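What the coordinates show
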Amino acid sequence: MKIWSTEHVFSYPWESVVKAAMRKYPNPMNPNVIGVDVLERNLDDEGRLHSHRLLSTEWGLPSIVRAILGTSQTHTYVKEHSIVNPDEKKMELCSTNITLTNLISVDERLVYTPHPDNAGATILTQEAIIRVKGVSLSSYLEGMMARRMSANARKGWDAIEWIIQNSESENVHL
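Residues numbered from 1 in each chain as written. Predicted model: local features only at pLDDT ≥ 70, side-chain atom pairs only at ≥ 80, totals over all residues. Heavy atoms only, no water.

Once that is clear, we can look at the pattern of salt bridges. Scanning the entire structure with this criterion turns up seven salt bridges. A salt bridge links Arg48 to Glu46, with the nearest nitrogen and oxygen atoms 3.9 Å apart. Classification of Arg48 as partly exposed rests on a relative accessible area of 24%. Residue classification places Glu46 among the exposed residues on the basis of a relative accessible area of 55%. Between Arg109 and Glu127 there is a salt bridge; the shortest N-O distance is 3.7 Å. Here Arg109, found in strand β6 (residues 104–115), pairs with Glu127, found in strand β7 (residues 118–132); they are 18 residues apart in sequence, far enough to count as distant. Here the salt bridges do not stand alone but share partners, grouping Asp44, Glu46 and Arg48 into one network. (Salt bridge = Lys/Arg side-chain N within 4 Å of Asp/Glu carboxyl O. Buried < 20%, exposed > 50% of the residue type's maximum accessible area, 1.4 Å probe, protein only. Helix = DSSP H or I, 4+ residues; strand = E, 2+ residues; numbered from the N terminus.)

Shown next as structure tokens:
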């Protein structure tokens, strides 16, 4: 098991970042996410927005990794549940893969909150638990997956920035 975590500060208010995070896919920075289906979305009695989505991804794992895992499958699915609490100004998003779970499980949690010292900024904390099961070199593969998560996290931050910038420029032209 490998635990991975990171933190990022966006120079935008919480509302802008959360709106962009909900519209994150598809985007040119993360071409591995090829589809998003909203399975359910509702407001609870406390005014929190709950969303359940299914993400279709194309992993693009190196051939050596596919060989170690004993699979040629690269098309995978991820289930995602998010809760947006506008009163607390907190968005929590949890995701886990539902494909290849007998070999790999990645449980990821992202939390978006306003920066405590800067109302115009938002803090994103990300963490993931990565498990590779039943194969030799599992700790090596878990470390490789953690490095890939770091690279993908940066792409995700760039995507949110891109969405916000494009949304703001669209609003200026209206």
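There is more to say, and it comes next.
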